[in-house]
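As a plain string of letters, each chain reads:
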Amino acid sequence: MIPFDSLIQLERNSSVALFVQLANQLIGLIKQGHLAVGTPLPSSRVLAETLGVHRKTIVAAYDELIMQGWVETIPKKGTFVAFDIPQLQGAGKRMKTSVKVSTTPNFDWCSDPRLMPFEVKAHLKYHIDDGVSDSRWSPNAQLGKLYRQVLLDPTLPDLMGYGDPKGNQYLREVLVGYLNETRGLDISTKNILITRGSQMGIHLSAKILVGPGDVVVVGETNYSAADISFEKAGATLMRVPVDENGLDTKTLEELLKGNKIRAVYLTPHHHHPTTVTLNARRRMQLLNLAQRYRFAIMEDDYDYDFHYDHAPILPLASHDSQGNVLYMGSVCKTVAPVFRVGYFIGPEQVIEEAARVRRYIDRQGDAVLEHAFARFIAQGHLEGHIRKVSREYKLRRDLGYALLKKEVGDYFDFDLPKGGMAFWAVLKAPYQWSTIAPKLEKLGLGIGDWMRYDRAQKGHGGIRIGFASKNPEEFAGMVRLLKQGFN
Ligand SMILES: Cc1ncc(COP(=O)(O)O)c(C=O)c1O
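Just so you know, these numbers come straight off a predicted model, no measurement behind them. (Residues numbered from 1 in each chain as written. Predicted model: local features only at pLDDT ≥ 70, side-chain atom pairs only at ≥ 80, totals over all residues. Heavy atoms only, no water.)

**Regarding the pattern of salt bridges**
Alright, step 1. Inspection of every chain in the model, using the stated rule, returns 30 salt bridges.
Alright, step 2. Here Arg455 ties to Asp227 by a salt bridge, and the two come within 3.4 Å at their closest N and O atoms. Here the residue Arg455 occupies a position in the loop between β14 (445-446) and β15 (462-466), and Asp227 occupies one in helix α8 (residues 224-232), the gap between them amounting to 228 residues.
Alright, step 3. Judged by its relative accessible area of 27%, Arg455 is partly exposed.
Alright, step 4. The class for Asp227 is buried, based on a relative accessible area of 1%.
Alright, step 5. Of the charged contacts in the structure, one is a salt bridge between Arg292 and Glu253, with a shortest N-O distance of 3.7 Å. One end of the pair, Arg292, is in helix α10 (residues 280-293); the other, Glu253, is in helix α9 (residues 249-258), with 39 residues separating them in the sequence.
Alright, step 6. Residue classification places Arg292 among the exposed positions, given a relative accessible area of 53%.
Alright, step 7. Several salt bridges share partner residues, and in doing so they unite Asp134, Arg136, Arg396 and Glu474 into one network. (Salt bridge = Lys/Arg side-chain N within 4 Å of Asp/Glu carboxyl O. Helix = DSSP H or I, 4+ residues; strand = E, 2+ residues; numbered from the N terminus. Buried < 20%, exposed > 50% of the residue type's maximum accessible area, 1.4 Å probe, protein only.)

Here it is, written out as structure tokens:
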């Protein structure tokens, strides 16, 4: 006799109905082999008495099991565990109704060691970030109001369905106007795809441009997530030095003479990670080379909005008449990283292809959020927000620079960046991150994966120290811990 009263535990206070609990536990017993194929189940009256529940609960559970095919009824004989259920491997061991997902897969798969894990060390007091906004200044009330308005707008029913992988049409229209005005572009909605951030633009360009063995040129050193996206797509990376005037176009020209180069990726406004601006002469040289050698320029303009000592420098895309530049940016640095709204701009045919590629991984963006951002931009709030936070970030940059010079100037070389949200601080000899970083972590200061700034293993010891996200007290607290790491 099967001891149902000890095998089945019903939870009367649970939000799951008793009959569903019972059905699931009976399924568990069948899967575990406690109830073998063809085993007769007790009558509903007997089981109701055994378990102390109403008979209707048992009948409902049996009905559920019959419907799912776990048990079957034979007229005048009773209810039996279905006769054609195969035994699961591992059955017979004591298992719960639900099974834990195994840590290791039971199939062959590829884990790529180049892909960086996302780690949060919440126990640390401060983290050195590589330049992000202060999300406390995110205009959430405004955005929340607009999001709600859009969600409840009876004239916008189509937003809720499957839409264009190129993104919300209204945001595309608004961005065309905004980018033409602020960046000197001359684009139409055919040239723009809304992404979930600059990183998606990088990923899409890698997918479209790069096949196994194709050469992509990047700076030495470069934004590591871009490096990895291109390598993941099969690219061979060639690195070109970056000096105080940005990517060295002379070296690039030499490389072009001996190699077929598919694309050059760069962040000309403020090179990531070193923060320098590509000067005008090199900009023109780069565009000329791209025309002559027919390669794509992937222009990542992730921090266009933040420049403190000069007017914004118009992107390469604003000088591109021949269709060489793919231009990408987002609001993720400007407003807050959580708002996954960006844009990918290029020749119409590339945008069409990018939309097809995007469709198979993301289908579409969040049309409600995109429409809300369109209203946010069209009503002038984005520009107002940029004006406000730029003022504050400039103050933070100046205070941060002075404090770093005073407190840790003996350990780092760094300049005052003209824009962006981070310092590029290079550890002086003989200090090494491999010994300093663990010490800092013990003190409560995380610097993340510092090796990502030196994927070519040149041993330069540079990291980015973000200044925008921390108020002066927080920055001072961070610097205090940083200094202690050298004592
Ligand atoms: C150079 C660069 N490009 C792209 C990105 C990705 O930005 P988004 O959040 O817009 O995807 C970052 C983020 O840190 C970045 O530093």
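**Comments concerning helix α13 (residues 381-408)**
An α-helix turns once per 3.6 residues; consequently, residues spaced three or four apart project the same way.
Alright, step 1. Taking 1.5 Å as the rise per residue, α13 with 28 residues should run 40 Å; its terminal C-alpha atoms sit 38 Å apart, in good agreement.
Alright, step 2. Listed as buried for α13 are Leu382, His385, Ile386, Val389, Ser390, Tyr393, Arg396, Arg397, Gly400, Leu404 and Val408.
Alright, step 3. Residues of α13 that are buried sit in contact with α6 (169-183), α12 (367-378), β12 (412-413), β13 (422-427) and α15 (472-484). (Expected span 1.5 Å × (residues − 1). Contact = heavy atoms within 4.5 Å.)

**Here's the deal with the packing of helix α3 (residues 44-51) against helix α4 (residues 55-68)**
Alright, step 1. Relative orientation of the contacting elements α3 and α4 amounts to 120 degrees, with a least axis distance of 8 Å. Here α4 runs oblique to α3, going by the angle between their axes. In this structure, α3 crosses over α4, and the sense of that crossing is right-handed. Contacts from Ser44, Arg45, Leu47, Ala48 and Leu51 of α3 reach α4 at Arg55, Ile58, Val59 and Tyr62.
Alright, step 2. Partitioned by chemical class, the residues of the contact of α3 with α4 number six nonpolar, one polar and two charged. (Axes fitted to C-alpha atoms, helices over the stretch in contact; angles between N-to-C directions. Parallel < 35°, antiparallel > 145°, perpendicular 65-115°, else oblique. Left-handed = near helix turned anticlockwise from the far one by under 90°. Nonpolar A, V, L, I, M, F, W, Y, C, P; charged D, E, K, R; others polar.)

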